Amino acid sequence: MQQELKKILEIQELDMNMLQLLNRKRERKKELDKIEGIKTDLQKRMSNKQNDITEQKTLIRHIESEVKEVVEKIKKYEDQQSQVKKVDEFNALSHEISRAERERVNKEQQLSKLYDILAADEEALQNLSETLDSTAESSQTLEEEIKTAISEINQEGQKVKKTRDTLTQEADPETFAIYERLLNNKRDRVIVPIENRCCSGCHITLTPQHENLVRKGDRLTFCEHCSRVHFWPESEVLEGTAVSPKPRRRRRANKTS
Ligand SMILES: [Zn+2]
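Residues numbered from 1 in each chain as written. Predicted model: local features only at pLDDT ≥ 70, side-chain atom pairs only at ≥ 80, totals over all residues. Heavy atoms only, no water.

## Some points on the overall build of the protein
Inference 1: What the protein contains, in helices and strands, is five helices and three strands.
Inference 2: Along the protein, helices (α) and strands (β) appear in the sequence α-α-α-β-β-α-β-α when read from the amino end.
Inference 3: Relative to its length of 257 residues, the protein is extended, with a C-alpha radius of gyration of 41 Å against a globular reference of 18 Å.
Inference 4: Over its C-alpha atoms, taken along the principal directions, the protein stretches across nearly 135 × 35 × 30 Å.
Inference 5: Here the protein holds 257 residues, and the buried ones make up 32% of them.
Inference 6: Nonlocal contacts in the protein, meaning residues at least 24 apart in sequence, comprise 70% of its contacts between residues at least 6 apart.
Inference 7: Looking at the protein as shown, the accessible area adds up to about 17,000 Å², and 48% of this sits on carbon and sulfur atoms.
Inference 8: One finds the centroid of the 47 positive side-chain charges in the protein at a distance of 8 Å from the centroid of its 48 negative side-chain charges. (Helix = DSSP H or I, 4+ residues; strand = E, 2+ residues; numbered from the N terminus. Rg over C-alpha atoms; globule rule 2.2 N^0.38 Å. Buried < 20%, exposed > 50% of the residue type's maximum accessible area, 1.4 Å probe, protein only. Contact = heavy atoms within 4.5 Å. Areas by Shrake-Rupley, 256 points an atom, 1.4 Å probe, with all protein chains shown as cover. Lys, Arg positive; Asp, Glu negative; His and termini not counted. Charge placed at Lys NZ, Arg CZ, Asp CG, Glu CD.)

## Points about the domain arrangement of the protein
Inference 1: Each assigned domain of the protein is listed with its residue range as follows: domain 1 (10-170) and domain 2 (189-256).
Inference 2: Distance between the C-alpha centres of domain 1 and domain 2: 63 Å. (Domains from an automatic or database assignment.)

## Examining the environment of alanine 124
Inference 1: Looking at where alanine 124 falls in the secondary structure, it is placed in helix 2 (residues 87-170).
Inference 2: Classification of alanine 124 by relative accessible area gives partly exposed; the value is 23%.

## Regarding the environment of tryptophan 232
Inference 1: The residue tryptophan 232 is located in the loop between strand 3 (229-231) and helix 5 (247-256) in this model.
Inference 2: For tryptophan 232, a relative accessible area of 13% puts it in the buried group.
Inference 3: Separated by 112 residues in the primary sequence, tryptophan 232 and alanine 120 place their C-alpha atoms 75 Å from one another.
Inference 4: Apart from the residues lying within four places of it in its own chain, the contact partners of tryptophan 232 are Gln2, Ile194, Glu211, Val214, Arg215 and Leu238.

## Overview of the coordination of the zinc ion
Inference 1: Distances from the zinc ion to its protein donors, namely Cys199 (SG), Cys202 (SG), Cys223 (SG) and Cys226 (SG), fall within the range 2.2 to 2.3 Å.
Inference 2: Read in sequence order, the donor residues coordinating the zinc ion give the pattern C-x2-C-x20-C-x2-C. Note that cysteine 199 is positioned in strand 2 (residues 198-199) and cysteine 226 in the loop between helix 4 (208-216) and strand 3, a separation of 27 residues in sequence. Each member of the pair cysteine 199 and cysteine 226 is classed as buried. (Donors = N, O, S within 2.8 Å, 3.2 Å for Na, K, Ca; no water.)

## A look at helix 3 (residues 173-186)
Inference 1: Given a rise of 1.5 Å per residue, 14 residues ought to cover 20 Å, and the 20 Å separating the end C-alpha atoms of helix 3 matches this to within 8%.
Inference 2: Restricting attention to buried positions, one finds in helix 3 the residues Thr175, Phe176, Ile178, Tyr179, Leu182 and Leu183. Buried residues of helix 3 fall within an arc of 160 degrees about the axis and therefore sit on the same side. Residues of helix 3 that are exposed and angled more than 90 degrees away from the buried face: Pro173, Glu174, Arg181, Asn184 and Asn185.
Inference 3: Those residues of helix 3 that are buried are in contact with helix 1 (2-83), helix 2, strand 1 (191-195) and strand 3.
Inference 4: Arginine 187 lies just past helix 3 and shows a positive phi near 50 degrees. (Expected span 1.5 Å × (residues − 1). Arc of directions from axis to C-beta.)

## Quick notes on the pattern of salt bridges
Pairs can form between side chains of opposite charge whenever their charged atoms are close.
Inference 1: With the rule as written, the count across this model stands at 19 salt bridges.
Inference 2: The salt bridge involving arginine 164 is made with aspartate 15; its shortest N-O contact spans 2.5 Å. Residue arginine 164 is found in helix 2, and its partner aspartate 15 is found in helix 1; the two are separated by 149 residues along the sequence.
Inference 3: Arginine 28 is the partner of glutamate 31 in a salt bridge, and the nearest nitrogen-oxygen pair spans 3.2 Å. Note that glutamate 31 and arginine 28 are positioned in helix 1 at a spacing of three residues, about one turn of the helix. (Salt bridge = Lys/Arg side-chain N within 4 Å of Asp/Glu carboxyl O.)

## A short note on the side chain of threonine 168
Inference 1: Take threonine 168: it is sitting in helix 2.
Inference 2: Not counting residues within four places of it along the chain, the set of residues in contact with threonine 168 comprises Ile11 and Phe176.

## Some words on the nonpolar core
Inference 1: Judged by nonpolar contacts, the single largest core of 23 residues is most densely connected at Tyr179 and Ile191.
Inference 2: Sorting the residues of this core by element identifies helix 1, helix 2, helix 3 and strand 3 as the ones contributing at least two each.
Inference 3: The element best represented in this core is helix 1, accounting for eight residues.
Inference 4: Of the domains in this structure, domain 1 (10-170) and domain 2 (189-256) are the two that each give at least three residues to this core. (Core = buried A, V, L, I, M, F, W, Y, C linked by side-chain atoms within 4.5 Å.)

Okay, structure coming up:
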């Protein structure tokens, strides 16, 4: 059984490497998303500002034409006034004229405020546009760097996968199926050594009987607490592999060689 685990342990190391690569890739993608988010936010604010400006311009045009109408109305009253003979008619028109004048002044004040708001909004839009440009420019190098890093991670991942594919061809199918199921569950090492009579996956102490079973290595032994598969790290079969290469084992290996 230890012999069968040996191949799976090699696969496991590759899978841990793969999980690390995936984590790194996820982190780098998050960075890209963040940059993209800043730019999208600026674009959204620009678009909102542009809408405000369009609305203000429409309103301004509307009020400007109202002012024009009032001015024409005043002119009409003045023309009428020059032709009337009666004092009360003249006074009535004077009253209308001063009312229209007040209306004109009100509208012009309203316009003046709108011109100020429009100018401020146009300036704000210009600032947003400049900020977006400089953000895009300054983040370009970083974005390229991240994209290159992601592509390198992908390449490394391809290599790992290729090696893994070869190893899985050689692995015991039954043991491998168990391993994969556990791995998908835990996304962590699932074939783990017993260390100081503890499961090195969940760190819970194991019984001597359990340890003996693992030592014998006749069949797969699962941790009762975390379901990981145990192996005996000092097993002769596993010597020289990447799994917990302790100096103690190395020394022993040297002695026997
Ligand atoms: Zn455990």
